[in-house]
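# Fold and contact review
Okay, here's what each chain looks like letter by letter:
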Amino acid sequence: MKRILLLTDFSENALLAAKQVALCTTAWKTEQVIVYHTYNSVTIVNNEPIVVVNDEVKEAKENELNAWLELIKPLFPPQVALSHRMEDVDLPIGVNEVCKSEFIDLVALGITGQTGFAKILVGSNAITLMDICNKPMLIVSHKVDPAVPKHVLATTDLKEVDRKLSLFNLDQVLDAFSAQLYVLNVAKRESSAADLAQELKHLHERLDKYKPIYDYISHDDITMGIAEYAKEKHIDLILSFHKKQGLLASLFKTSISKKMAWNGAANLLVIPMDKS
């Protein structure tokens, strides 16, 4: 994670995300963190675009960004270069462009159930951001105290195991933090014995070197089951492989503020499966 894009709306939740990222930079050997804030000066009224942000508002936002940078600067070790960008653009589009131009390895942001990034992550914008961004996303929960991850949970439905585990170098999380890995089977549908055997083979080939703890849950509500398991095992970080319109997308589309498995249970590292 040499280059990290840290999103901010200057909220307490964004500050928690900054603290979480700062704690991980040494283990990740991070070289640069780019603080990124967007605003959108164009809104649609009666099917007509209206510019609603003037120079005074822009200047106020710049001052707020500079003040926020001064607030978070002491959190980061001196070897991490801290820079910033502010743009008049929709957030998902801006994130995508910065990831490409700045060779970003990880996008980090805060989330809560009511304010701050809830405006971004609840509803269609959440899906848009995850589907557009081809980089891993660290979503920091507002209910989790920032800390170096020591207990990491990977959920699996025993499908496309080899492909999923080839998308992300788990050493960046497990070896870097000396973290214990938990692997939780949350499959809903039964697969053939041959398919299961092959997927389990891939799972063990990829993960056994980390000495993981394998587990299985049976729960009427999979999302609640994951949350309860994460709480029981003191999970710090949940790994989720995101495919467009897949499990994670469906969770975000349905009552995220009440039922999202990892909201409050642990921070979430979203690994995209649809890469360009």
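Please read all numbers here as calculations on a predicted model, not as lab measurements. (Residues numbered from 1 in each chain as written. Predicted model: local features only at pLDDT ≥ 70, side-chain atom pairs only at ≥ 80, totals over all residues. Heavy atoms only, no water.)

### Brief notes about the nonpolar core
- Ranked by size, the top nonpolar core spans 45 residues in total, and within it Leu6, Ile72 and Leu269 carry the most contacts.
- If one sorts the elements of this core by residue count, helix α1 (residues 12-28) sits on top with 8 residues.
- Each residue touching Ile72, except ones within four places of it in the same chain, is listed here: Leu6, Leu15, Ala18, Val35 and Leu82.
- Counting 30 residues, the second largest nonpolar core, distinct from the first, contains Met137, Val186, Ile235 and Ala266. (Core = buried A, V, L, I, M, F, W, Y, C linked by side-chain atoms within 4.5 Å. Buried < 20%, exposed > 50% of the residue type's maximum accessible area, 1.4 Å probe, protein only. Helix = DSSP H or I, 4+ residues; strand = E, 2+ residues; numbered from the N terminus. Contact = heavy atoms within 4.5 Å.)

### Section: unusual backbone geometry
- Residue Lys29 is not a glycine yet carries a positive backbone phi of 55°.
- Topologically, Lys29 is positioned in the loop between α1 and β2 (32-39).
- Since its relative accessible area comes to 56%, Lys29 is described here as exposed.

### Quick word on the packing of aromatic side chains
- On inspection of all chains with the given rule, the structure shows 2 aromatic pairs.
- Ring plane angle 80° and centroid distance 6.4 Å describe the contact between Tyr182 and Tyr229, whose orientation is recorded as edge-to-face. Separated by 47 residues along the polypeptide, Tyr182 in strand β9 (residues 180-185) and Tyr229 in helix α9 (residues 222-232) bring together distant segments of the chain.
- Tyr229 sits in the buried class, given a relative accessible area of 5%. (Phe/Tyr/Trp six-rings, centres within 6.5 Å; stacked < 30°, edge-to-face > 60°.)

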